[in-house]
Amino acid sequence: MTTLDTRSTTGLSHRSEDQVSQNAYDVALLVIRLALGFLLVGHGTQKLFGWFGGGGLEGTGQFFTMVGYPSGKTFALVAGLTETLGGLGLVLGLLTPLAGAAVLGTMLNAMSVNSGGGFFMMDKDGGMELDILVAATAAGLALSGPGRIAADRFLPVLRAHRLVYGVAAVILAAVTAGVVLLVRN
């Protein structure tokens, strides 16, 4: 009888630890999603509306033209929408693999634009270290899923995140970014 009681207690204790670990994991993913998502929403609205000191579509479009994108204003719109909607998706944990892919694809293009400035942001002409960090975090979220504190939990297909969704999203981001970079002069 004592052995049975010990196993039962051990089993409950182990399940409690697993539950605490899962809760910590979910909260950590929420913090990462909120931080990255809100920063991207701000960055996207700089491009779209000129908020927070941004250039709006006109100024951002001129910049995109200057760095070799044809139809700079159109690419500014695409980048602004991708950052804003991808950021909102991450904040809400909604369609997380696609939201992560949107951010990843945008950051792959940003890396290309910023690669001439060196690696570190503090280099003379800036750099791409922040782009790499954002891209890696977005890819990680696409692969891991949003955790249980997310709108995806209410979507039948995404309720149980599968690695294959994340892998497909990361591949989609890489292919899309590659096509955009081929179009860039």
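Please refer to the structure higher up on the page.
Let me sum up the structure you'll find in this document. Please read these numbers as outputs of a predicted model, since none were measured by experiment. (Residues numbered from 1 in each chain as written. Predicted model: local features only at pLDDT ≥ 70, side-chain atom pairs only at ≥ 80, totals over all residues. Heavy atoms only, no water.)

### Topic: helix H6 (residues 163-183)
Next, step 1: End to end, H6 covers 31 Å across 21 residues, agreeing with the expected 30 Å (1.5 Å per residue, within 8%).
Next, step 2: Among the residues making up H6, those that are buried are Gly166, Ala169, Ala173 and Ala177. Buried residues of H6, seen end-on, are gathered within an arc of 65 degrees and therefore sit on one face of the element. Away from its buried face, by an angle of more than 90 degrees, H6 presents the exposed residues Val164, Val175 and Leu182.
Next, step 3: Residues of H6 that are buried make contact with helix H4 (96-114) and helix H5 (129-144). (Helix = DSSP H or I, 4+ residues; strand = E, 2+ residues; numbered from the N terminus. Expected span 1.5 Å × (residues − 1). Buried < 20%, exposed > 50% of the residue type's maximum accessible area, 1.4 Å probe, protein only. Arc of directions from axis to C-beta. Contact = heavy atoms within 4.5 Å.)

### Here's the deal with the packing of aromatic side chains
Next, step 1: Under the definition given, this model contains six aromatic pairs.
Next, step 2: Judged by centre distance (5.2 Å) and plane angle (35 degrees), the ring pair of Phe64 and Tyr69 falls under tilted.
Next, step 3: Given a relative accessible area of 5%, Tyr69 falls into the buried group.
Next, step 4: The rings of Phe63, Phe64, Tyr69 and Phe75 are connected pair by pair, giving a single aromatic cluster. (Phe/Tyr/Trp six-rings, centres within 6.5 Å; stacked < 30°, edge-to-face > 60°.)

### Quick word on the pattern of salt bridges
Next, step 1: All chains considered together, the criterion is met by three salt bridges.
Next, step 2: In this structure, Arg148 engages Asp26 in a salt bridge whose closest nitrogen and oxygen atoms are separated by 2.3 Å. In this pair, Arg148 is assigned in the loop between H5 and H6 and Asp26 in helix H1 (residues 2-49), connecting sequence segments 122 residues apart.
Next, step 3: The class of Arg148 is partly exposed, set by a relative accessible area of 30%.
Next, step 4: For Asp26, a relative accessible area of 2% corresponds to the buried category. (Salt bridge = Lys/Arg side-chain N within 4 Å of Asp/Glu carboxyl O.)

### Observations concerning the packing of H5 against H6
For any two helices packed against each other, the geometry comes down to the angle between their axes and how far apart the axes lie.
Next, step 1: Where H5 meets H6, the axes come as close as 6 Å, and the angle between the chain directions of the two elements is 145 degrees. When H5 is examined against H6, the residues Ala139, Ala142 and Leu143 are found in contact with a partner set consisting of Leu163, Gly166, Val167 and Val170.
Next, step 2: Residues that form the contact of H5 with H6 fall into these classes: six nonpolar, one polar and no charged. (Axes fitted to C-alpha atoms, helices over the stretch in contact; angles between N-to-C directions. Nonpolar A, V, L, I, M, F, W, Y, C, P; charged D, E, K, R; others polar.)

### Thoughts on the side chain of Thr82
Next, step 1: Position of Thr82 among the secondary structure elements: in helix H3 (residues 72-92).
Next, step 2: At a separation of 2.6 Å, a polar atom in the side chain of Thr82 contacts the main-chain carbonyl oxygen of Val78.
Next, step 3: Leaving out residues up to four positions away in the same chain, Thr82 has contacts with Gly87, Ala102 and Thr106. (Polar contact = N/O pair within 3.5 Å; in protein donor to acceptor, adjacent residues only side chain to side chain.)

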